[in-house]
Amino acid sequence: MIFSMSDFYHLYEGKLTIAAGSGGLVRPVKSVGILDYELMPGLKNKYQRVNFYDDQLVLSTFLYTHDDPYYIGEAIRYLVGKGTSGLVIKNVFHLQIPETALRFANARNYPVFVTTADDFFFDEVVVDVVGRIERLSSAVEMERLIDGLREEARDPSRDLTHTRELVGKLNPSFLRECLVVWAPSADDLLADTFLELERVFRKGELYKAANVFLQYRGGVMLIASWDPLEDVDVDRMLHAFRDELLSHEETAVVGVSARHQTTDELPEAIVEALLSAEVATLRGGMTVRYDELGTLSVLFGCASSPAARAFERRVLEPLRVHDAETNARLEETLKAYLEADCSMVEAGCRLGQHPNTVRYRLDRVSALTGLSYRVPNELEQLRMAEELAFCQEVLIGI
């Protein structure tokens, strides 16, 4: 992730006015510099080295232009030539910025901001912006490490030395046991939003040296670890996660891995949290724990195999073809019946249909698939096919 001129503008919104170059707000900011006297007439050729670089945000009061604002335009042209990202003028003398300078900035899509705010201090801006740039750079590295651990999970016979190296880079202070909580976002989090959440995290009960809170794929992830002798209350942890970081939004999707006895299994924990969150998403939003998924947690490992796909298609494809031709909603009815613990009445309520309609549709399912919902062994085949189809949909989502 990058910190942009747009991010900077929103960070200090209310204190800044954009005077020119609004088309350049997408420019990245990688550092911050202060223009003091370097371009002052009589001094600008005295110094062999001037600290202005590509992708740098430049701050200046332009005190040296008090008697001749023309030098502001000269400075803007110089800074554009140096490849800097934009300029902020703290206009303490209320100088009239030359129109020619603003036209030049507009033509180059070079953002120029003006502020007269008394509480806009350069030293604080430098610390704040540089801190954000560093944290966002760290966030990119964190995402790469998570992706690397996900790759590790694909190989059950992996070299644990490499796993431990990635885990150590993620957090050298991890303790032995671990659990992962993942909350995807409907809309990717903005950089500023995540940084605000990170500040909240650092003030809450989940903030410990052994825990990591990071942004991943537009959502947020908590990796919690603890000593085996520690009494860990997962329910309390999840309540704090929702209350502090998700504003206790009950419908927000949250996926929770199983508890693992060693961080050597962190790759599996990450995948479990992602899978659980996708299950929650497909089921309408809630907290889903991997260790409460029952047979699904077993089927995820084989749902994409050729044999599983062939079985699922053999059972369900006749229903899908029939539904496409007649809009009979047979597969939807079968799902509702299975989710209602095989209750005609409950399935009817879910579908908004009379139980007799549900029974009629299930009889059509039996006729098309050759598997009767009335025969336990054949009902289990229908259930297995639907669960495999659901697992395949979940796996596509992660």
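Please refer to the structure placed before this passage.
What comes next concerns the included structure. What you see is a predicted model; the values in this text were computed from it and never measured. (Residues numbered from 1 in each chain as written. Predicted model: local features only at pLDDT ≥ 70, side-chain atom pairs only at ≥ 80, totals over all residues. Heavy atoms only, no water.)

Concerning the nonpolar core
- Leu170, Leu214, Met221, Ile223, Leu266 and Phe300 are the most contacted members of the largest nonpolar core, which totals 61 residues.
- Element by element, the count of residues in this core is highest for helix H8 (residues 266–282), at nine residues.
- Contact partners of leucine 170, with chain neighbours within four places excluded, come to Met142, Leu145, Ile146, Leu149, Val212, Leu214, Ile223 and Leu266. (Core = buried A, V, L, I, M, F, W, Y, C linked by side-chain atoms within 4.5 Å. Buried < 20%, exposed > 50% of the residue type's maximum accessible area, 1.4 Å probe, protein only. Helix = DSSP H or I, 4+ residues; strand = E, 2+ residues; numbered from the N terminus. Contact = heavy atoms within 4.5 Å.)

Looking at the packing of helix H10 (residues 306–326) against helix H11 (residues 330–339)
- Contact pair H10 / H11: the axes reach a minimum separation of 8 Å and the direction vectors enclose 130°. Between H10 and H11, the crossing angle belongs to the class labelled oblique. The residues of H11 that touch H10, namely those facing Leu316, Leu319, Arg320, His322 and Asp323, are Leu330, Glu331 and Leu334.
- Here the residues of the contact of H10 with H11 are counted per class, giving four nonpolar, one polar and three charged. (Axes fitted to C-alpha atoms, helices over the stretch in contact; angles between N-to-C directions. Parallel < 35°, antiparallel > 145°, perpendicular 65-115°, else oblique. Nonpolar A, V, L, I, M, F, W, Y, C, P; charged D, E, K, R; others polar.)

Looking at the sheet that holds strand E8 (residues 219–226)
- Strand order in the open sheet formed by five strands is E7-E8-E6-E9-E10, and the pairing between neighbours is mixed. Either end of the sheet is taken by a strand with one partner, and the two such strands are strand E7 (212–216) and strand E10 (287–289). With direction set aside, neighbouring strand axes in the sheet form an average angle of 20°.
- Across two bridges, the pairing between strand E6 (residues 177–183) and strand E9 (residues 254–256) is antiparallel. The residue of E9 that forms the bridge with tryptophan 182 is glycine 255.
- Where H8 meets the sheet, it contacts E6, E7, E8, E9 and E10, and its direction lies at approximately 30° from that of E6. (Pairing = 2+ DSSP bridges.)

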